[in-house]
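This is what each chain is made of:
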Amino acid sequence: MQKHLTNVPDKGGHFGPYGGMFVPETLMEPLHELTREYEKARRDKKFRDELAYYLREYAGRPTPLYFAERMTRELGGPKIYLKREDLLHTGAHKINNTLGQILLAKRMGKKRIIAETGAGQHGVATATVAAMFGMDCVVYMGAVDMERQSLNVYRMQLLGAEVRAVHAGQKTLKEAINEAMRDWVTNVRTTHYILGSVLGAHPYPMMVRDFQSVIGREARRQILEKEERLPDELVACVGGGSNAIGLFHAFLNDKGVRMVGVEAGGEGIRAGKHAARFQKGGSLGVLQGTRTFVLQDDDGQIMLTHSVSAGLDYAAVGPEHSYLRDLKRIEYTYATDDEALEAAKFCSRIEGIIPALESAHAVAYVMKNAGKIGKDAIVIVNLSGRGDKDVSQMARLLKL
């Protein structure tokens, strides 16, 4: 695969026709400032060493690459490894990014942190690092998500964050991002916005990808140690897409490694019933600062979305994912709510690991396709988060 795959975005934040900066004029200078500071930081050995220290000593990296022996045997297909991001402090991959961004905020002299959250894991990770560095923290969360992810709301509050309910629109992630952006416009001199995925205006898609790429670098090193060869396939769920690009990025130039992103099929690929941007209803558009694939109608109005997992319930996808799909480097499919729920139960009972419902979408893909992948293959699944936050919802929906 051509080396240019890892040489994006350009200076304007473009991944081919995707990405860029589509924001109010009042946010252009803060975004340029953030870009300058990040470019300095990524070249600064002291910054890199400090981030590596916190990832190791505070977050718990490296995470294991676990051979799922029973799952492999039960499915009768490929050799399955799970990249255990669920074992990180706060229970998901989100801490990788929030640690990087809080260190940037400190460099820039910002004293107040804001964030948006859907499933609550990014909100918890943001509240965690804000508490550790003694900064004020406000997290915006849709009222619907607050109800189905109430445990994470309590965790954020215990950590000292103020959680502001958003009652506009569908009351989920898209609306939470809108409110966070309004806050940032108003308080930009004192406030840093820790965006949680590879979304939004430049430099966020690049910056969040870079902070999450530690997942793939570790997985590459670990699989070579365990198997003395690269995997045949990588699988990850895709909401905004940070856990997926975090795993995939280190392997983009390896032609023999297939990559599959699994979106939220919800109740089926029908208008308003899913959040699979690369399926029916997705087209090129601009949403919340970036040009990418968006679920929208013929008039450009953002469509309603649905997923059993709050972290995948978003109308757009990260611009780098759109770019890599165009290049046919990553394949995108979907798993339905029912498939994800069954996968969560299967993983729990076969491996003793309760996955987040987001991660369960990736497990569902492997369950469905194990026979096609083949017994001689090696597959790495990114287990991006643990399922504590989803247990009450799973108990109700699975009638446990």
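In short, a report on the structure. Everything numeric here is computed off the predicted structure, so don't read it as measured data.

### Let's talk about the sheet that holds strand β12 (residues 289-295)
Then comes step 1: Spatial ordering of the open sheet is given by β1-β2-β12-β11, a layout of four strands whose pairing is antiparallel. Where the open sheet ends on each side, the last strands, each with one partner, are β1 (14-15) and β11 (282-287).
Then comes step 2: Docked against the sheet, helix α12 (residues 319-326) engages β1, β2 (18-22) and β12, running at close to 60° with respect to β12.

### Section: the packing of aromatic side chains
Then comes step 1: According to the stated counting rule, one finds 10 aromatic pairs in the structure shown.
Then comes step 2: Measuring from ring centre to ring centre gives 5.7 Å for Y38 and F211, while their planes differ by 75°; the resulting arrangement is edge-to-face. Of this pair, Y38 sits in helix α1 (residues 25-42) while F211 sits in helix α9 (residues 204-212), and the two are 173 residues apart along the sequence.
Then comes step 3: We classify F211 as buried; its relative accessible area is 6%.
Then comes step 4: Considering the side-chain rings of Y193 and Y204, the 6.1 Å spacing of their centres and the 55° angle between planes classify their relative orientation as tilted. Of the two residues, Y193 sits in strand β8 (residues 191-193) while Y204 sits in helix α9, which places them 11 residues apart along the sequence.
Then comes step 5: Taking relative accessible area as the criterion, Y193 reaches 2% and is therefore assigned buried.
Then comes step 6: Three or more aromatic residues joined by ring pairs form one cluster here, namely Y18, F278, F293 and Y332.
Then comes step 7: Taking NZ or CZ as reference, K79 lies 5.1 Å from the ring centre of F67, over its face.
Then comes step 8: Here R325 stacks its cationic end above the ring of F293, 5.2 Å away from the centre of that ring.

### Some words on the sheet that holds strand β6 (residues 136-142)
Then comes step 1: Pairing in this open sheet of four strands is parallel, and the strands run β7-β6-β5-β8 from one edge to the other. The open sheet has two edge strands with one neighbour each: β7 (162-166) and β8. With strand direction ignored, the average angle separating the axes of adjacent strands in the sheet is 25°.
Then comes step 2: Strand direction decides the pairing type here: β6 and β7, joined by five bridges, are parallel. Of the residues in β7, the one forming a bridge with G142 is V166.
Then comes step 3: Packing against the sheet, helix α5 (residues 121-133) makes contact with β5 (112-117) and β6, and its axis sits at approximately 165° to β5.

### What to know about the environment of R36
Then comes step 1: Inspection of the secondary structure puts R36 in helix α1.
Then comes step 2: For R36, a relative accessible area of 44% corresponds to the partly exposed category.
Then comes step 3: Spatially, the C-alpha atom of R36 lies 40 Å from that of K226, the residues being 190 residues apart in sequence.
Then comes step 4: Side chain to side chain, R36 and E29 meet in a polar contact 2.9 Å long.

### Quick word on the pairing of strand β14 (residues 378-383)
Then comes step 1: Within β14, six of the six residues are buried, leaving the element largely enclosed by the surrounding structure.
Then comes step 2: Of the two faces of β14, the one carrying I378, I380 and N382 and the one carrying V379, V381 and L383 are both buried.
Then comes step 3: Direction of pairing for strand β4 (residues 79-84) relative to β14: parallel, over a ladder of six bridges. When the bridges of β14 are listed, K79 appears paired with I378.

### Topic: the pattern of salt bridges
Side chains that differ in charge, positive against negative, can pair when their charged atoms come close.
Then comes step 1: Tallying each qualifying case throughout the model produces 36 salt bridges.
Then comes step 2: Close ionic contact of E50 with K106 constitutes a salt bridge, the shortest N to O distance being 3.0 Å. One end of the pair, E50, is in helix α2 (residues 45-59); the other, K106, is in helix α4 (residues 94-108), with 56 residues separating them in the sequence.
Then comes step 3: Judged by its relative accessible area of 24%, E50 is partly exposed.
Then comes step 4: A relative accessible area of 38% places K106 in the partly exposed class.
Then comes step 5: Linked by salt bridges that have partners in common, E39, R42, R43, R209, D210 and E320 make up one network.

The rules behind the values
Residues numbered from 1 in each chain as written. Predicted model: local features only at pLDDT ≥ 70, side-chain atom pairs only at ≥ 80, totals over all residues. Heavy atoms only, no water. Pairing = 2+ DSSP bridges. Helix = DSSP H or I, 4+ residues; strand = E, 2+ residues; numbered from the N terminus. Contact = heavy atoms within 4.5 Å. Axes fitted to C-alpha atoms, helices over the stretch in contact; angles between N-to-C directions. Phe/Tyr/Trp six-rings, centres within 6.5 Å; stacked < 30°, edge-to-face > 60°. Buried < 20%, exposed > 50% of the residue type's maximum accessible area, 1.4 Å probe, protein only. Lys NZ or Arg CZ within 6 Å of the ring centre and 35° of its normal. Polar contact = N/O pair within 3.5 Å; in protein donor to acceptor, adjacent residues only side chain to side chain. Salt bridge = Lys/Arg side-chain N within 4 Å of Asp/Glu carboxyl O.

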